Each structure stands twice: as C-alpha cells, then as structure tokens.
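Geometric and topological summary
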Amino acid sequence: MARRVITLGTDFGVADHFVGVMKGVILKINSEVDLVDLSHQVNSFDILQGALLVGLSYPYFAAGTIHLVVVDPGVGSARRPILVCAAGQFFVAPDNGVLSLVYEREQPLEARHITADRYFLNPVSSTFHGRDIFAPVAAWLSRGVPAADFGELIEDYVRIPFPRPTRVKGLLRASVIKIDKFGNMLTNITAQDIPELISERPAPFKIVINQREITRLLRSFAEASASEAFGYVGSSGFLEIGVNRGSAARVLDAAPGTEVIVLISERS
Amino acid sequence: MARRVITLGTDFGVADHFVGVMKGVILKINSEVDLVDLSHQVNSFDILQGALLVGLSYPYFAAGTIHLVVVDPGVGSARRPILVCAAGQFFVAPDNGVLSLVYEREQPLEARHITADRYFLNPVSSTFHGRDIFAPVAAWLSRGVPAADFGELIEDYVRIPFPRPTRVKGLLRASVIKIDKFGNMLTNITAQDIPELISERPAPFKIVINQREITRLLRSFAEASASEAFGYVGSSGFLEIGVNRGSAARVLDAAPGTEVIVLISERS
Amino acid sequence: MARRVITLGTDFGVADHFVGVMKGVILKINSEVDLVDLSHQVNSFDILQGALLVGLSYPYFAAGTIHLVVVDPGVGSARRPILVCAAGQFFVAPDNGVLSLVYEREQPLEARHITADRYFLNPVSSTFHGRDIFAPVAAWLSRGVPAADFGELIEDYVRIPFPRPTRVKGLLRASVIKIDKFGNMLTNITAQDIPELISERPAPFKIVINQREITRLLRSFAEASASEAFGYVGSSGFLEIGVNRGSAARVLDAAPGTEVIVLISERS
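Residues numbered from 1 in each chain as written. Chains lettered and ligands numbered in written order. Predicted model: local features only at pLDDT ≥ 70, side-chain atom pairs only at ≥ 80, totals over all residues. Heavy atoms only, no water.

1. Here we look at the environment of Ala93 of chain C
Residues and elements named next belong to chain C. Residue placement: Ala93 occurs in strand 5 (residues 89-94). Its relative accessible area of 0% is what places Ala93 among the buried residues. Beyond its immediate stretch of four places on either side in the chain, Ala93 contacts Val69, Arg80, Pro81, Ile82, Val98, Leu99 and Phe134. (Helix = DSSP H or I, 4+ residues; strand = E, 2+ residues; numbered from the N terminus. Buried < 20%, exposed > 50% of the residue type's maximum accessible area, 1.4 Å probe, protein only. Contact = heavy atoms within 4.5 Å.)

2. Re the relation of the copies chain B and chain A
Of the transformation superimposing chain B on chain A, the axial component is 0.0 Å and the angular component is 120 degrees, with the fit at an RMSD of 0.0 Å. In short, the pair behaves as if placed about a three-fold rotation axis. By C-alpha distance to the rotation axis, the residue of chain B lying nearest is Asp34 of chain B, at 4.9 Å. Here only 3% of the interface residues in chain B have copies in chain A that are interface residues too; the copies meet through unlike faces. (Least-squares fit on C-alpha atoms with pLDDT ≥ 70 in both.)

3. A few points about the relation of the copies chain A and chain C
When chain A is fitted onto chain C, the two copies agree to an RMSD of 0.0 Å after a turn of 120 degrees and an axial shift of 0.0 Å. The two copies present different faces, since only 3% of the interface residues in chain A are matched by interface residues at the equivalent positions in chain C.

4. Quick look at the nonpolar core
Core analysis: the largest hydrophobic core is formed by 60 residues, its most contacted members being Leu68 and Val92 of chain B together with Val84 and Leu99 of chain C. Each residue touching Leu68 of chain B, except ones within four places of it in the same chain, is listed here: Ile6, Thr7, Leu8, Gly9, Ile26, Val92, Phe134, Ala135 and Ala138 of chain B. (Core = buried A, V, L, I, M, F, W, Y, C linked by side-chain atoms within 4.5 Å.)

5. Thoughts on the interface of chain B and chain A
Facing the 33 residues of chain B at the interface are 33 residues of chain A. Buried surface at the junction of chain B and chain A, both sides included, amounts to about 2,600 Å², of which 58% is carbon and sulfur. Together, Tyr60, Lys181 and Phe182 of chain B form the three largest contributors to the area buried by chain B at its contact with chain A, with a combined 25%. Summed over the shared surface of chain B and chain A, the number is two salt bridges. Residue Lys178 of chain B pairs with Asp16 of chain A through a salt bridge whose shortest N-O separation is 2.6 Å. Going through the elements one at a time, strand 2 (33-39), helix 2 (47-57) and strand 9 (171-179) of chain B are the ones with two or more residues in the side of chain B that touches chain A. With five residues, strand 2 of chain B is the single largest residue contributor to the side of chain B that touches chain A. (Buried area = accessible area lost by both parts, 1.4 Å probe. Salt bridge = Lys/Arg side-chain N within 4 Å of Asp/Glu carboxyl O.)

6. A closer look at the sheet that holds strand 1 (residues 4-10) of chain A
Hydrogen bonds between backbone atoms are what pair the strands of a sheet, whose relative direction is either parallel or antiparallel. All names here are of chain A. Taken in spatial order, the seven strands line up as 2-1-3-5-4-6-7 in an open sheet, and their pairing is mixed. The strands lining the two open edges of the sheet, one partner per strand, are strand 2 (33-39) and strand 7 (153-154). Pairing geometry for strand 1 and strand 2, over six bridges, is parallel. Residue pairing for strand 2: Arg4 is matched across the bridge by Val33. In this fold helix 2 (residues 47-57) packs onto strand 1, strand 2, strand 3 (66-70) and strand 5 (89-94), with an angle of close to 125 degrees to the strand it touches most, strand 2. Sheet strands touched by helix 4 (residues 129-142): strand 1, strand 2, strand 3, strand 4 (81-86) and strand 5. Its angle to strand 3, the strand with the most contacts, is close to 175 degrees. (Pairing = 2+ DSSP bridges. Axes fitted to C-alpha atoms, helices over the stretch in contact; angles between N-to-C directions.)

7. Points about the pattern of salt bridges
Residues and elements named next belong to chain A. The full count for this structure, using the stated rule, is 45 salt bridges over all chains. Residue Arg80 pairs with Asp95 through a salt bridge whose shortest N-O separation is 2.8 Å. With Arg80 in the loop between strand 3 and strand 4 and Asp95 in the loop between strand 5 and helix 3 (100-105), this residue pair connects regions lying 15 residues apart in the sequence. Like Asp95, Arg80 is buried.

8. Re the packing of aromatic side chains
Within the structure shown, the criterion is met by 39 aromatic pairs over all chains. Ring geometry for Tyr119 of chain A against Trp140 of chain A: centres 6.0 Å apart, planes inclined by 50 degrees, an arrangement best described as tilted. With a gap of 21 residues between them, Tyr119 of chain A in the loop between strand 6 (110-113) and helix 4 and Trp140 of chain A in helix 4 connect regions that are remote in the sequence. Ring-pair connections join several aromatic residues into one group, and the members of that group are Phe12, Phe18, Phe45 and Phe128 of chain A together with Phe182 of chain B. (Phe/Tyr/Trp six-rings, centres within 6.5 Å; stacked < 30°, edge-to-face > 60°.)

9. Quick look at the interface of chain A and chain C
With 33 residues of chain A at the contact, the number on the chain C side is 33 residues. Summed over both partners, the interface of chain A with chain C comes to about 2,600 Å²; 58% of that surface belongs to carbon and sulfur atoms. Together, Tyr60, Lys181 and Phe182 of chain A form the three largest contributors to the area buried by chain A at its contact with chain C, with a combined 25%. Our enumeration of links across chain A and chain C arrives at two salt bridges. Between Asp34 of chain A and Arg3 of chain C there is a salt bridge, with the nearest N and O atoms lying 3.2 Å from each other. For the pair chain A and chain C, the number of links is 12 residue pairs in polar contact (both at pLDDT 80 or more). With five residues, the top contributor of residues to the side of chain A that touches chain C is strand 2 of chain A. Partitioned by chemical class, the residues of the side of chain A that touches chain C number 15 nonpolar, 10 polar and eight charged. (Polar contact = N/O pair within 3.5 Å; in protein donor to acceptor, adjacent residues only side chain to side chain. Nonpolar A, V, L, I, M, F, W, Y, C, P; charged D, E, K, R; others polar.)

10. Observations regarding the environment of Tyr103 of chain B
Residues and elements named next belong to chain B. Within the secondary structure, Tyr103 is located in helix 3 (residues 100-105). We classify Tyr103 as buried; its relative accessible area is 1%. Once you skip the residues sitting within four places of it in the chain, Tyr103 turns out to touch Ile82, Val84, Asp95, Leu109, Tyr157, Val158 and Arg159.

11. Section: the pairing of strand 1 of chain A
It is a general feature of regular strands that their side chains alternate between the two faces of the sheet. Residues and elements named next belong to chain A. Most of strand 1 sits out of view: six of its seven residues are buried. Where strand 1 and strand 3 come together, five bridges link them in parallel fashion. Across the sheet, Gly9 pairs through a bridge with Val69, a residue of strand 3.

12. A word on helix 1 (residues 18-29) of chain B
Spanning 12 residues, helix 1 of chain B covers 17 Å between terminal C-alpha atoms, matching the ideal 16 Å at 1.5 Å per step. Of all the 12 residues making up helix 1 of chain B, 11 are buried; the element is thus mostly covered by neighbouring parts of the structure. (Expected span 1.5 Å × (residues − 1).)

13. Observations concerning the sheet that holds strand 7 (residues 153-154) of chain C
Residue and element names in this part refer to chain C. The seven strands are arranged 2-1-3-5-4-6-7 in an open sheet whose pairing can be described as mixed. Each of the sheet's edge strands pairs with one partner strand only, and the pair in question is strand 2 (33-39) and strand 7. Note that strand 3 (residues 66-70) and strand 5 share three bridges and pair parallel. Looking at the pairing, His67 lines up with Phe91 of strand 5.

14. Some remarks on the pairing of strand 6 (residues 110-113) of chain C
Residue and element names in this part refer to chain C. Of the pairings in the sheet, the one linking strand 4 (residues 81-86) to strand 6 comprises four bridges and is antiparallel in character. Its bridge partner being in strand 6, Cys85 is matched across the sheet by Glu110. Of the pairings in the sheet, the one linking strand 6 to strand 7 comprises two bridges and is antiparallel in character. In the strand pairing of strand 7, Arg112 is matched with Leu153.

15. Here we look at the confidence of the model for chain A
Residue-level pLDDT values for chain A average 95, and 99% of them are 70 or greater. This complex was scored by the predictor with a pTM of 0.97 and an ipTM of 0.96. (pLDDT = per-residue confidence, 0-100.)

Right, here's the structure in full:
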C-alpha cells in the first residue's frame, strides 16, 4: 500500500519543539506516513494567512492526502476540532475559518466535529491541541480509520469572510491579500473579475496602489523594465503585482490589506 | 521492518548546506530511515536551549527513535562524542551537557563514549563532527549495529546544572528558561514546586517578574482578559506566563534567565 | 527497490506555499521518494549562493540522488530548463549557471535541454517553473524515466565565473564567497592555492581583511584565543576565517565579495 502523505501548516515557527513533537506523535501511531511541511511561518494567530497557505497548496496534492492545519488562537476554548473531506483529500483543523478557501471551492463537502476522544492523546492539554488532538487524529486517519468514526457531520462550520473585490462599471475596488517572499503582492482579483484585461486586445486600464499607477499587464518577469511595477496573473490564478528582481511590496509600500483600485476604460 | 526515525536538532540554521549534508550522509548509509527535524534554530553554541529542545521533544517519539543532537561549541577539542540509550530511545551527541534533561529523567541509562572510528566518515574534520561522526553513527545505529559496538560505557558524562527554583516557605525564586515563538515564557517551575496553587482552591499568590505582578493562574488562553499576563501549566509541564494573542515576553520584557518570584500566602 | 532521494534547494523561503506545492507535485507523481531540503533560504535571485549550496552538498549524497535547484530569476524568459547527469547523480535546474560548481568538478558530464513537455504540469505558467517543469521532471526521473527522454544533449550550458584567487609570487588576492550561520567566512582559497601554509612547518604569512591582520592557521576552534580571528581549512576544503564562539564576519565587517589578501613570506 502506498504511504499516505500528511502535510503540516501552522503558526508554530521552527525554533521550538512544537512541530517535532507533532511529528513524533504522528509517527508513533503510523510510522508508514510521509510528512510534508507546508509552512510553519504563518503569522501568529493569522487565520486568513493560514487559510491562504492551505488553500493555495492542497490542489497540488494527491487524493487521500491529509492536511493538518493548526493556526489556533482559540485553543482551549469551546471552538471545535473538525475533520473535513473535500476534493478527495482530508483536512484536520480547528473550526475557526482556517479552511475557508477549501469551503469556497469544494462544495459539496463533508465536515465533522471531531469528538472521538479515544483517538486523542490523553489527557488533552488546554494549550497544545496540535499535539493532543489534531496530530493523533491525522495519524489514525492515515492508518485507515474511517472519517465517520471521528464524529458527527456538521453544517455550521465557521467561514471567515474572504475579502472580495467589488466592481461598479469600470471601477474595481480590491485589496492585497498576501505578500510573498520575493515581495510580490497577491491581490484578491482573479481573471474572471477583469475579463477585459485578460484578452488579446486588453482594454486601457490603470491599477492604483498607494497613489502609484501600474499600467502594464505582462506575462512574465523577464518582460518588465528595470524596477517597473507591473501586473500579471500569478501561478495561483490571482492578479499579482511584481517588480523584476525586486520587491513590489517595498516599492509600493504595500502590505496585506492595502487597497488596490483598478480603473478600466470602456473601449472606444 | 518498520523504518527507523532519526531526529535532528542543531544550531546550524537552515540557510547553509550543513543540515542537508548530514541528511545525505545518513541516507547514503541507510536509505530506509525517516528524518525529522526537531529544529535547527537553537542559538549558536547554546547548550541549555539544545537540551530543552531534545528534552521537550523525545517523550513523544516511539521506542527505537534515534535523536541526533549537535550543538557543539567544543568541536575539534577533546570533548567526547557519546551515545546514550535511555527510555528505549537513542541519543547521539557531543558530551557537553546537551542531554542533561534526558539524564535527569531517565535513570538508569547507558552512556557510551563513541570511539569506533570504522563508523566515521574518514578523514574526520576538526570542525564538522555532525557530518563526520554524529550523522554516520546515527545511520549505522539505525541499520541495526548494536550500541555496544560504538564504544565503552562511561559514567562521567557531562551534566550542565539545569537551573532549579529554590523555595523558602512561601517564597519561590525561579527563572525563565525559554521564550517560545508566541512570546510565552517557560519558567523552571513545575506543578510539584507549587502544590498550593495547583488545586481546586488555590492559595493566594503573586508572581513577580520585572516588577510586574501576575495574580491569576488560568487553564487556557481563552480565559484571559485582553493583554493580561497570566500563569498556566504549559503543555510540557512547566509553569508558563502568557498573554492571549500577544507576547508575554514583550509585555514583561523578559528573556531566558529573567528572575521569576512566586509569593504564596499561607491560607488563613 | 530503494526509495530515490530528491533534494530541493531554492530561494523560495519557507513562509509561502511554494515549497509545499513542489513537494505535492512530486509526491503525486511518485509517492515512493524521499524529499530532503537543502535550503530554501538562498537570497532571492542569488545564483552564486545557489551554486554554492548545491556544490557543497551533492558530494555527500548517494549515487542516483536527484537535486532540484530552483534559483531562477529568468523564469518565463528564453532560458532553458536543463537536466545534468554528473558524478552518478542528477541535477534539474534552470540553465543560468546555478550548477557551475558541478560543471567545474565533474567533467565529463551530460547536460540536456529539457524539452519533453509531456512530463510538465500543463499548462506551464510563466512564473513558477519550479512547480510546472522542474518538480515534475525530477519526479518522473525518480520513477525511472531515462534522462535521454527529457531532451537533447547540449554543450553550451551557462557557467558563471566562479571567483578565483590570483597569485603573484607571495601575494594572493582572493575574496569571501559565503558567510555561514555562525559568521564563519568561506574564502575562495583552497589548500592547493597556499601549499606553503598547509604544511608541518608553514611559511610566515598574514591574511589581511578590511585592514585587519590574521596571523594564525589553526586546526580547530578550540585552539583559538578568545575573540581571535583565525584561519582554518574548513570542512568543505576552503580556507575559512572564524572566531571561536563568535562571528568572524561581524568582527571583520565582512560579506560575500569582501577582498581577502594573503601575504606569504619566502622562507629565509
């Protein structure tokens, strides 16, 4: 039987023992599993960035993959642990909206409230459910325990409002959702939001960010002039703003939440 | 046969080739092994933080796990390489005290001076024993070479004094031993040191850190008021100081070594 | 059959989804593979540091290992993807010189222009060839697809000039090529460049960096005086400058590119 993959995405950082401990717990239950770190550098308690991490990653994993997502500011409170089956994959996470991008794209799906404490590391602490609940549940799941054994189906799982652009005629109001390591800025705009620009003969437009204007959509970084900020449809399907061999976020002084305005002229 | 797990904990960072090279050396000797990073972000030469990393992690790993711990300021000197068998697991490290927490908890144990240079990567360098001694020894051990083949038993392995609280009546003098990624402060106080506080009806107390007073022990972060510094027994069994969705270390200006005073009133 | 090893070395950082996505792509094609991170902390677009990362690492990996190296400032331009077979190992990378250290040491070798787009993740994006070309090619290679299936042999692969010391009699002009996590400075000087110093009775010499003089070559850090900057032949074969339990780079205010002068006296 092929080894199952469990991915780990957290805000735990990599300096402490937290991630290693979760892996120890998993491997003790199922030594025949492959562990893949998505990232542990989500900003502390930043559910939206956690949602983006798993949302941008899972489409590239095989059916049967189990994604363990632990960005969990409410640990120890009444927030539920959940197990979601969607797109042939599994997601084990706190019910705080960190799976919102999965919910958006993968309907219908099955979400369960994890209650079967026989699969937990007992006694369960009030501060480290990654170790005591999420890791062992993922491990038992990878050993073949059916999803239904972990708890009942629920419908009222928590969604966080993913910021969406609003468009009134030729004026699109949107925002930066993420800055990547290179300083490229992901916006919440997809190609469907700006069909006039994604065409052989794009309409005249400008993108305004912090009073700076961007007037070119390119296909690749190599086409850009030196230090030019330009737009492109990024590898995840969102409109991004980049600077060739430089940081667009620095050039435009942008951060997650920064407003992005797109003005599209009617073709005359 | 199940694959063996080798964990790696070092102060090597993750920007250089050091960790990858150790993994290459291991996999060349035994390709049927699972490698788990505990962390490579131990502060350079910080034996106590290395001891905490492995000490807080190993209890969650399966019997037979091999922990490779390389925080090694004395590389190239006369300090010995050692192999410790304790709690059904194995520890390969320099003999500089980095295994002190294991020694404290896991007596009796077997410690050996690694001398069998037929298992080394020869010639052995004077600056990278992680590559030349520790990694290949861990790899051969994972292939089933008996511990006794690596060298003779020793009793005089190096222990570093792990800071312990002192208590005189209701006054406990302790210290911060670690700050985690969230800014939570681990102290060296365990529940046994403060039995009056860990009870249904705790005695009145205050914890004083840098002239700030902490007067509540809570079970979880969710119970705390906004920006309140509070105490809790952390997931590793130590008393910790935290701030819900904030950094206690920043709020209290604390670092490893900061003094922690606990004043416990007699119940009237 | 033993599992194949694929290493990953990139400038992607570990905060984004990029590395996880590449691993998902690989594991979807071949779940029976071991993934090893060399590092993802290469400075953005720094081909020389990428070349050093893979060049200092591959000699310690087993025959058959596949090294995926993605430092790719020219993604989306006409630069070619290549597959290099050298030293019994495989290298999948953009043709921008990031394999220059391999080329230097491992002649003859076979380099191919990867053109077989049936092995790509289609449609191929213009900004993430790590996901769409390099990862799937590495994965199919690990499943046993012969190298020749990926494209034709080429001879004109790109080499970057690796900085070399120049020597005129007793005066050697060299440079710092890398600073490691501890602040040790790797120079581009090897033992063959300074035979008079690597001997039982070394000739008198001084090393001058930023007007500071270094006059001792030692075998290990333990031999150094407190805060003394000293030379040693490092674990990768290059002359390095270190400070015991300190950062030589900070003490000498050095960075990659800093000039290193070695003055060697004739033995009288």
